[in-house]
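# Structure assessment
Spelled out from the first residue to the last, the chains are:
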Amino acid sequence: MTRVTLQYYAQLREQAGASSEQVSTSASTLRDLYAELQARHGFSLPIAALKVAVNTQFSDWNRLLAEGDTVVFIPPVAGG
Amino acid sequence: MNRFELTAAPVDLAAQREALKHPGSGGFCAFEGWVRNNNEGREVSGLEYEAYTELAIAEGERILAEATERYGVLAASAVHRVGNLAIGDLAVWIGVSAPHRDEAFRACRYIIDEIKHRLPIWKKEHYLEGDHAWVACSHTERAHELEPPHAHGHHHHPHTVVPAHPEKGASPEKGASVGAQCLHAVTRESLDPSVRWGDEQKSFTPDYSRQVRLREVGEGGQRKLADARVLVIGAGGLGVPVISYLAGAGVGTLGIVDGDVLDASNLHRQVMYDARDIGQRKVDLAARRVARLNPSVEVVTYEQPLHAGDIADVFTGYDLVVECTDDLASRYLANDAAVLTSTPLVLASVYQYEGQLQVVTAEPGEPCLRCLWPDPPAPALAGSCVESGVLGPVPGVLGTMQAMEALKLLLGLPQPADHALQLVNLLDGTSQRLPIDASRGCALHGGCVAVARRALERAHTEGELERHFDRLDAAVQSGYAIVDVREPDEIDAAPLHVTSLRMPSGAISADTLRHLERPVLLVCASGRRSAHATRLLREQGVDAWSLAGGVAALADPAVS
């Protein structure tokens, strides 16, 4: 299990009900992690609509998770 | 029958009065404004009125319509003179006929107050000493604002006043996309601007000393701002601080794009407007606000949203663009046009308590919006202020940050070397800067320019086929026949709640649709199949349109 800190923006924050959380996950990549979270929180946005960043750098969805990573999921938002 | 006129010739009073006669009239009230021989202690020898004609007529007609609705009068007319007038000449005439005297008096008072307050008419006073001054024809006091709230049946400004769009074809709304872009230039510099502060009138010279004092700005920086042309797309929550700060800073030319009228629900975040402005076009309100804030700024207004067919042309007239709409499609369109015309673009957007900020420099090798998110998500997934809510200061903060980025670019202030997406969460008080690696973005798909060109071409083609509606009943009201081109099982899962013809996209009959003798709006789940079917139907002479974004883009698919 890998312990990671997650930060959510916009609709993801709303659907998760929190702007951040710490989780222990068996997911190995960011893609697997998002699928796991989608099932848990009912996230409506597909991966194609999102950017992901790890430790303040944008990242590839196939990146492997490491202990202590801070992962941020970012959808584009429309309001003005 | 209401009529507002601007005229350079003397007014025929008898004819004006005659035109207001009505069998139901029990009272007629007229007001005449004359040129007097003194103003604010100075002897005046004559006057010259100059009007921004199109806007003045549109606004004048709106004022007459408001007075008619507010006070329930039968007819109202107004005539305003332009050009040179001598002492004693009639400058403005207002006439109202109504069933009873009270409405006639009140409506007449309302019209003259609003004309003085709202019409873009400038008065040049010639003084006996031989000099002259331009005086803005605006008053701050309006009698109807002092009326008790329920003194009459129509207290509020009408909320339904919408700008009239010329119809260019048989189809409803066609004018909105194929009509020529409405463009008004308001040059105040040429009018030797004067402003009125209370009773005192003086010529206004902007004072930029507080910013010129900054070592990085100086007189050289101020000249750069005066020479700069900036386009602000959207005069709403983000646009209000952007327009205010850039006008205050002395940016020479501000282009302002907005197709909306002000709604009461805008006021909690769009702080340069007030309750009296409801129902008026935001571009006009913003232009008026800039004229008062800094009359040396030239304002160009665009009262229709930019579209794929004209956006690149418009961008080439500006040094910098600030995108402030609440619309993802507009943001992507602006991104593509910025990249293609090498115009720097400052993007921001907000969601509830947070926001995003990105500067697209539009220089080769530097990242654009599509480098992050190659395509916008379906509109229904993106969220907007309408659906998701937003706290007023959030666009205020992000718009202020956009103004700052714009000034940094125009002045050439020091910048971080990398390009980043900035995320701001105002609930947590956190902000993070995520550097964007351009080599992982559009570079993988031929580069930003190639990607932007393809996207703009696609938007152009789609735009010619599509109609945008939040609710299908609005489409029905506009005269469209709705044709559901989805498969029966899809329709069963999410039926449309308006009368529609069912015709799966594989089995469309042009003959049937042609006989409807109405424009048809094709609807599918996402807008793809309907766009394809629209193209085929048009080749067979059917006046067909595709619902942009399909059922997924409707405000509430279950009830629309």
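Below you will find a few notes about this structure. Computed from a predicted structure; not experimentally measured.

## Description of the overall build of chain A
Counting its regular elements, chain A contains two helices and five strands. Nonlocal contacts in chain A, meaning residues at least 24 apart in sequence, comprise 55% of its contacts between residues at least 6 apart.

## Structural notes on the nonpolar core
Note on soluble globular proteins: their nonpolar side chains tend to be buried together. Residues and elements named next belong to chain B. Val230, Val232, Ile243, Leu254 and Ala406 are the most contacted members of the largest nonpolar core, which totals 109 residues. It is helix H14 (residues 393–411) that provides the largest number of residues to this core, a total of nine residues. Residues in contact with Val230, not counting those within four places in the same chain, are Leu246, Val251, Leu254, Tyr318, Asp319, Leu320, Val322 and Ala406.

## A closer look at the sheet that holds strand S1 (residues 2–8) of chain A
Residue and element names in this part refer to chain A. Read from one edge to the other, the open sheet built from five strands follows the order S2-S1-S5-S3-S4, with strand pairing classed as mixed. Unpaired on one side and paired on the other, strand S2 (20–25) and strand S4 (57–58) mark the two borders of the sheet. The sheet contact formed by strand S3 (residues 51–54) and S4 spans two bridges and is antiparallel. Within the sheet, the bridge partner assigned to Ala53 lies in S4 and is Phe58. Contacting S2, S3 and strand S5 (70–74), helix H2 (residues 30–41) runs over the sheet at an angle of about 65° to S5.

## A few points about the interface of chain B and chain A
The interface is formed by 35 residues belonging to chain B together with 19 residues belonging to chain A. Where the side of chain B that touches chain A is concerned, the elements lending two or more residues are strand S17 (345–351), strand S18 (354–360), helix H12 (379–382), helix H13 (385–388), strand S19 (420–425) and strand S20 (430–435) of chain B. Considered class by class, the residues forming the side of chain B that touches chain A number 19 nonpolar, 11 polar and five charged.

## Quick look at the environment of Val314 of chain B
All names here are of chain B. Take Val314: it is sitting in helix H9 (residues 311–315). In this structure the C-alpha to C-alpha distance between Val314 and Gly255, which are 59 residues apart in sequence, comes to 9.6 Å. When residues no more than four places from it in sequence are discounted, the contact partners of Val314 are Leu231 and Leu306.

## Notes on the pairing of strand S7 (residues 90–98) of chain B
All names here are of chain B. Among the nine residues of S7, eight are classified as buried, and the element is accordingly described as predominantly covered. In the sheet, strand S2 (residues 27–34) pairs with S7 via eight bridges, with the strands oriented antiparallel. The partner of Ala30 across the bridge, within S7, is Gly95. Examined bridge by bridge, strand S5 (residues 75–81) and S7 share six bridges and lie antiparallel to one another. Along S7, the bridge assignment pairs Val79 with Trp93.

## Some words on the packing of helix H10 (residues 328–341) of chain B against helix H15 (residues 448–465) of chain B
Residues and elements named next belong to chain B. Orientation of H10 relative to H15, taken along the N-to-C sense of each, is 130°, at an axis distance of 9 Å. In this view, H10 runs oblique relative to H15, as classed from their interaxial angle. Two packed elements cross with a definite hand, and for H10 against H15 that hand is left-handed. The segment H10 lies against H15, with Tyr332, Leu333, Asp336, Ala337, Val339 and Leu340 engaging Cys448, Val449, Ala452, Arg453, Ala455, Leu456 and Ala459. Residue composition of the contact of H10 with H15, grouped by class: 11 nonpolar, no polar and two charged.

## Digging into the sheet that holds S7 of chain B
Residue and element names in this part refer to chain B. In spatial order, the strands read S1-S5-S7-S2; together these four strands make up an open sheet with mixed pairing. Each edge of the open sheet is held by one strand with a lone partner, namely strand S1 (3–7) and S2. For this sheet, the mean angle separating the axes of adjacent strands, direction not counted, is 10°. Alignment of S1 against S5, held across five bridges, turns out to be parallel. The partner of Thr7 across the bridge, within S5, is Arg81.

Rules of the game
Residues numbered from 1 in each chain as written. Chains lettered and ligands numbered in written order. Predicted model: local features only at pLDDT ≥ 70, side-chain atom pairs only at ≥ 80, totals over all residues. Helix = DSSP H or I, 4+ residues; strand = E, 2+ residues; numbered from the N terminus. Contact = placed C-beta atoms within 7 Å. Core = buried A, V, L, I, M, F, W, Y, C linked by C-beta atoms within 7 Å. Buried ≥ 20, exposed ≤ 12 C-beta atoms within 10 Å, placed from the backbone. Pairing = 2+ DSSP bridges. Axes fitted to C-alpha atoms, helices over the stretch in contact; angles between N-to-C directions. Nonpolar A, V, L, I, M, F, W, Y, C, P; charged D, E, K, R; others polar. Parallel < 35°, antiparallel > 145°, perpendicular 65-115°, else oblique. Left-handed = near helix turned anticlockwise from the far one by under 90°.

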